[in-house]
Structures are given as C-alpha cells and as structure tokens.
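The lines below spell out each chain.
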Amino acid sequence: VVDVDHATTSTPTAPAPPRLTVRYAPDAEPQVRYFRAAATAWTSPELRPAFDAAPIDRPLGSDAGALVWLAPGAPPAEVVRWIRAGGVVLLSSDAVVPLEGEAIGVWRDDEGQPLAIHGVVGKGRVLHLTRPLTPSAMPALLQADFPQALWRLLAPPPEPARVTAVDHAPLTGGPAPQLAPLDVRPWLALIVAALFGVERWL
C-alpha cells in the first residue's frame, strides 16, 4: 500500500485550531480554566485565542466552532438543534443528550479506561465525558498534552488517502521493444557450400 500523501511534493497547510465556545452552569465556572488554558496553548503568543466562555443562558454565536457544555441535564432545544445541524459538542459527565447508534470510546487514560465516548446526533458529533472535570477524577487535565488531546478530540485529523501499490505503479512508457528478426541467409549459404564440398569429395 502506498501513502499518497508521501507521493506528492507539495507541503500540506497545517490545520487551524478549533474555535472554542464554553457554556457553563454557575457551579461549573471553575472548570472553564482548563479549556481557556488549552485554547491559549493552541494560539501564537501575539494572537488572541479563539475562545468564548459565558453562562448557559447566553445564545451561541454564528461562529461557535466547537462547543463545551458544562451543565447538568439536557441542553436547551436550540443547542440540540445546533448539534443536529452538524455541530460538535463536548458534554460534561452530568449532561444528557440521547445518542443515535453505538457510542465508542475515543479518549482513554493511561490504564486504557475511557475518558470520553463518541456518538452522533443527526449530522453532529457528541463527545461525552465519563468523569467529572476535576484533577482527582481526571488527572489528564493537568498533563502537558491535554491541549493536544482536546484538539484531536474536537477536530480529529483526516486520515491520509491511500491506494494499493498496483494502482500506483509507474507506467512503462510504451509497448515492449520488439526483437529484430534473425537473418539466416548466411547460415544457409554456408550449409549449402559444405554439402557441395562433401558431395565432391565422395
């Protein structure tokens, strides 16, 4: 199998980090700092992070990007409609959004236990945390790779296009070369002369 990405000489453009929107209940406001720190780590020092945090009663903007919902129970109907239309949301462990189809683990701790599960609602992606957002329950919050893990969770990189090696084999450039026909006339003349000499000797 040949990786098409390595067969081209062009350099792909690095993807931009997702815009992060956080909506939180009053008692969940301390948890916002983990996501603000992640958005800051994604951004160059001279730029302002694409980050918006507000209580749950503030509507989502038109450029919400990826939503982090930190409130118990079901989100409002307008948030669910936003998800169904193709939004990406990360839910706290006490939030409730019925998933469609099978849910799979997409983020695990060092022991292999799931930290978040992935499912779909309409055209949207739902990432549901399995533990409270506290360092004691989720030590990954304080690990150095948390910003990168969150980025991959919200905006996973696309898989490289792949083709089979037989489909990517180089062309030969034309038909196979034809061999020139063998000229046997000199050999026939030599045989005739030999036979004539033998006949004369006899």
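Residues numbered from 1 in each chain as written. Predicted model: local features only at pLDDT ≥ 70, side-chain atom pairs only at ≥ 80, totals over all residues. Heavy atoms only, no water.

Asker: Account for the packing of helix H1 (residues 32-42) against helix H3 (residues 146-154), naming residues and giving values.
Answerer: Direction vectors running N to C along H1 and H3 enclose 90°, while the axes themselves pass 9 Å from each other. Here H1 is positioned roughly perpendicular relative to H3, judged by the angle of their axes. Packed against H1, whose contacting residues are Tyr34, Phe35, Ala38, Ala41 and Trp42, the element H3 presents Phe146, Pro147, Gln148, Leu150, Trp151 and Leu154 at the interface. Of the residues assigned to the contact of H1 with H3, the class counts are 10 nonpolar, one polar and no charged. (Axes fitted to C-alpha atoms, helices over the stretch in contact; angles between N-to-C directions. Helix = DSSP H or I, 4+ residues; strand = E, 2+ residues; numbered from the N terminus. Parallel < 35°, antiparallel > 145°, perpendicular 65-115°, else oblique. Contact = heavy atoms within 4.5 Å. Nonpolar A, V, L, I, M, F, W, Y, C, P; charged D, E, K, R; others polar.)

Asker: So what's going on with the confidence of the model for the protein chain? Residues and values would help.
Answerer: Here the protein chain averages 83 in pLDDT, while 71% of its residues score no lower than 70. Every residue in residues 1-10 scores below 50 in pLDDT, and together they form 15 contacts with partners more than four places removed in sequence or on other chains. (pLDDT = per-residue confidence, 0-100.)

Asker: Before we move on, could you go through H3 and cite the residues and values that matter?
Answerer: Three or more residues of H3 are buried, namely Phe146, Pro147, Ala149, Leu150, Leu153 and Leu154. The arc that holds the buried residues of H3, viewed along the axis, is 165°, so those residues lie on one side. (Buried < 20%, exposed > 50% of the residue type's maximum accessible area, 1.4 Å probe, protein only. Arc of directions from axis to C-beta.)

Asker: Describe the pattern of salt bridges, and please don't skip the residues or the numbers.
Answerer: Applying the stated rule across the entire model yields five salt bridges. Linking Arg19 and Asp63 is a salt bridge whose minimum nitrogen-to-oxygen distance equals 3.8 Å. Residue Arg19 is found in the loop between strand S1 (2-3) and strand S2 (20-24), and its partner Asp63 is found in the loop between strand S3 (51-55) and strand S4 (66-70); the two are separated by 44 residues along the sequence. Here Arg19 falls in the partly exposed class, since its relative accessible area comes to 29%. With a relative accessible area of 46%, Asp63 lands in the partly exposed category. Across the salt bridge formed by Arg58 and Asp52, the nearest N and O atoms sit 3.8 Å from each other. Connected via shared salt-bridge partners are Arg23, Asp52 and Arg58. (Salt bridge = Lys/Arg side-chain N within 4 Å of Asp/Glu carboxyl O.)

Asker: Let's hear about the side chain of Arg23: which residues, and what values?
Answerer: Examined against the element boundaries, Arg23 turns out to sit in strand S2. Judged by relative accessible area, which is 1%, Arg23 ranks as buried. Here the side chain of Arg23 touches Pro59 through a polar contact of 3.3 Å, landing on its backbone oxygen. The contact partners of Arg23, leaving out residues within four places of it in the chain, are Asp52, Ala53, Ala54, Pro55, Ile56, Arg58, Pro59, Leu60, Leu67, Val68, Trp69 and Leu70. (Polar contact = N/O pair within 3.5 Å; in protein donor to acceptor, adjacent residues only side chain to side chain.)

Asker: Any chance you could break down the packing of aromatic side chains for me, citing the residues and the numbers?
Answerer: Using the criterion set out here, one finds three aromatic pairs in the structure. An angle of 55° between the planes, with centres 5.8 Å apart, marks the rings of Trp42 and Trp151 as tilted. Taken together, the residues span a long stretch of sequence, with Trp42 in helix H1 and Trp151 in helix H3 at a distance of 109 residues. According to the relative accessible area criterion, Trp42 is buried, its value standing at 11%. Between the aromatic rings of Trp107 and Phe146, the centroid separation amounts to 6.2 Å while the plane-to-plane angle is 35°, which identifies the pairing as tilted. Taken together, the residues span a long stretch of sequence, with Trp107 in strand S6 (residues 100-108) and Phe146 in helix H3 at a distance of 39 residues. The buried category is assigned to Trp107, whose relative accessible area is 12%. (Phe/Tyr/Trp six-rings, centres within 6.5 Å; stacked < 30°, edge-to-face > 60°.)

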